[in-house]
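These are the residues of each chain, in order.
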Amino acid sequence: MDPENQTMVTEFYFSDFPQFEKGSLFFFIPLLFIYMFIIVGNFTIFFAVRLDVRLHNPMYNFISIFSFLEIWYTTVTIPKMLSNLVSEQKTISFVGCLLQMYFFHSLGVTEGLVLSVMAIDRYVAICNPLRYAVIMTPRLCIQLTSGSCIFGFLMLLPEIVWISTLPFCGPNQIHQLFCDFEPVLRLACTDTSMILVEDVIHAISILTSVSIITLSYLRIVTVILRIPSGESRQKAFSTCAAHITIFLLFSGSVTLMYLRFSVTFPPLLDKAIALMFAVLAPFFNPIVYSLRNKDMKEAIEKIFCSQKMFSVSGS
């Protein structure tokens, strides 16, 4: 096609959202509740760790950072999904789509790195407890957190810049619930064989993070099973259970979505997997960390009790 006769796409249309009068309200209300729960739950965990001095240690610091990332990770996509459920237009600008992809995946990569750091932290705490305080210093924790954020946001930048240079001349219908690399790249009016390169980049990132976490926890479980005291063994398992649960939720859905290469799923299953890692995994994060952790529950109760006392004294 002659480039001069091409009409460049300035916005994309999410074609898979139902019309408002055809039952979109049925999806809107649960999704709104889930989003509000994610925001409130993760903010509660974040402030509980920051306000309770008993939780000022590397493990809870990483948990609070992960919860903070979850807030923005979901904010990148869910509000737009809610808007698409009640709006007639259901569109997003080209720049808005690029920004959504960039922040969604950058935050996702950063979360994967933070989960890796959390696994290493538990490995040192359980496998080398006598040197834990010497190794996991506050300075190292800051460096690991900062490094995860910097690497996570720099890694996706070249890919987004490359996509921004591609010609999009129609069609403009995205068959997904949010802007994602593969659905958007398939709309480009040029050779999209670079999708394979994009898949390889994601695969390396995901497999590296999963390998580090898996090896760490395999070693941790081996050490825990050697502990003679049943009570100590149970306590060691309980400190790792929440991390392992979140890791399985996060990595399982991400692996299904981005490590399948040429394998195609039915559209409904594709969207279910997308919802799993974009919505459901962040939804379970505050549940897992607040219900399975005694110290966290006490810190959260202290926040709500102090708020009640403040409101009573104020009245």
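Residues numbered from 1 in each chain as written. Predicted model: local features only at pLDDT ≥ 70, side-chain atom pairs only at ≥ 80, totals over all residues. Heavy atoms only, no water.

A word on the sheet that holds strand E2 (residues 91-93). Here 3 strands make up an open sheet; going across it, the order is E2-E1-E3 and the pairing mixed. The sheet is open, and its two edges are formed by E2 and strand E3 (173-174), each paired on a single side. Packing against the sheet, helix H4 (residues 94-127) makes contact with strand E1 (11-14), E2 and E3, and its axis sits at approximately 90 degrees to E2. (Pairing = 2+ DSSP bridges. Helix = DSSP H or I, 4+ residues; strand = E, 2+ residues; numbered from the N terminus. Contact = heavy atoms within 4.5 Å. Axes fitted to C-alpha atoms, helices over the stretch in contact; angles between N-to-C directions.)

For the rest of this paragraph, the subject is the UniProt feature "transmembrane region" (unreviewed entry) in the protein. What UniProt calls "transmembrane region" (unreviewed entry) maps, in this numbering, to residues 25-48, 60-82, 102-120, 140-163, 200-225, 237-260 and 272-291. In residues 102-120, the share of helix is 100% and the share of strand is 0%. The end C-alpha atoms are 27 Å apart. The span residues 140-163 is 96% helix and 0% strand, and its two end C-alpha atoms sit 35 Å from each other. (UniProt positions renumbered as here; feature names shortened; annotations may be inferred.)

On to helix H2 (residues 58-75), then. With 18 residues, H2 should cover 26 Å at 1.5 Å per step; its first-to-last C-alpha distance of 26 Å lies within 8% of that length. Extensive coverage of H2 is indicated by the burial of 15 of its 18 residues. (Expected span 1.5 Å × (residues − 1). Buried < 20%, exposed > 50% of the residue type's maximum accessible area, 1.4 Å probe, protein only.)

Let's shift gears to the pattern of salt bridges. As enumerated under the stated definition, the model contains 5 salt bridges in all. The partner of Arg122 in a salt bridge is Asp121, and the shortest N-O contact between them spans 3.0 Å. Side by side, Arg122 and Asp121 carry an identical accessibility label, which is buried. Glu182 is the partner of Arg186 in a salt bridge, and the nearest nitrogen-oxygen pair spans 2.5 Å. Looking at Glu182, the relative accessible area reads 22%, which means it is partly exposed. Here the residues in one salt-bridge network are Asp52, Arg54, Glu298 and Lys302, joined through shared partners. (Salt bridge = Lys/Arg side-chain N within 4 Å of Asp/Glu carboxyl O.)

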